[in-house]
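Here is what each chain is made of, one letter per residue.
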Amino acid sequence: VLTRDVVIVTCGMCYHFLIGLYDFKHSIISNANTFFQILLVMVVLSHYSYGLFNSLWINVLIYLVLLTTASSMVHYIWVWGWRAFSRKGDPSDRH
């Protein structure tokens, strides 16, 4: 999760300084990732505090977080890489 955030911030800074201004919007994958992260924390806390969930739920959520984290990172790199490639050299995009 931390690696994904570092990659997104680094790529955003590179885009800003090398290409120009951008309008950042969250993706659906990123929103799902945030949801699954929060849900995982709640399930783990409930499991260890009250025994409400078995380890199967925790494992499923761990894999969902892993999947959505990786998908989100790849999605952001793809979208912003494509935008950088298509806008490079466009003087109207410079700040």
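If you're wondering where the values come from, they're calculated on a predicted model, not measured in any experiment.

Counting its regular elements, the protein contains 3 helices and 0 strands. Seen in sequence order, the protein has helices and strands lined up from the N terminus as α-α-α. In terms of its C-alpha atoms, the protein occupies a principal-axis envelope of roughly 60 × 20 × 15 Å. Looking at the protein residue by residue over its 95 residues, the buried ones come to 24%. Residue pairs at least 24 apart in sequence account for 72% of intrachain contacts in the protein once pairs closer than 6 positions are excluded.

In this section: the packing of helix α2 (residues 28-50) against helix α3 (residues 55-87). Following both chains from N to C, one finds α2 and α3 inclined at 155°, their axes separated by 9 Å at the closest point. Classified by the angle between their axes, α2 and α3 sit roughly antiparallel to one another. The element α2 and its partner α3 pack so that their crossing is left-handed. A class-by-class count of the residues in the contact of α2 with α3 yields 13 nonpolar, 10 polar and no charged.

Moving on: the environment of F36. Along the chain, F36 turns up in helix α2. F36 gets classed as buried once you look at its relative accessible area, which sits at 19%. Each residue touching F36, except ones within four places of it in the same chain, is listed here: L61, L64, V65 and T68.

At a minimum axis separation of 10 Å, helix α1 (residues 2-18) and α3 run at an interaxial angle of 10°. One finds that α1 runs roughly parallel with respect to α3. Each of R4, V7, I8 and Y15 in α1 lies in contact with α3, whose residues at this interface are T69, S72, M73, Y76, I77, W80, R83, A84 and R87. Of the residues that constitute the contact of α1 with α3, the class distribution is 8 nonpolar, 2 polar and 3 charged.

About the cut-offs
Residues numbered from 1 in each chain as written. Predicted model: local features only at pLDDT ≥ 70, side-chain atom pairs only at ≥ 80, totals over all residues. Heavy atoms only, no water. Helix = DSSP H or I, 4+ residues; strand = E, 2+ residues; numbered from the N terminus. Buried < 20%, exposed > 50% of the residue type's maximum accessible area, 1.4 Å probe, protein only. Contact = heavy atoms within 4.5 Å. Axes fitted to C-alpha atoms, helices over the stretch in contact; angles between N-to-C directions. Parallel < 35°, antiparallel > 145°, perpendicular 65-115°, else oblique. Left-handed = near helix turned anticlockwise from the far one by under 90°. Nonpolar A, V, L, I, M, F, W, Y, C, P; charged D, E, K, R; others polar.

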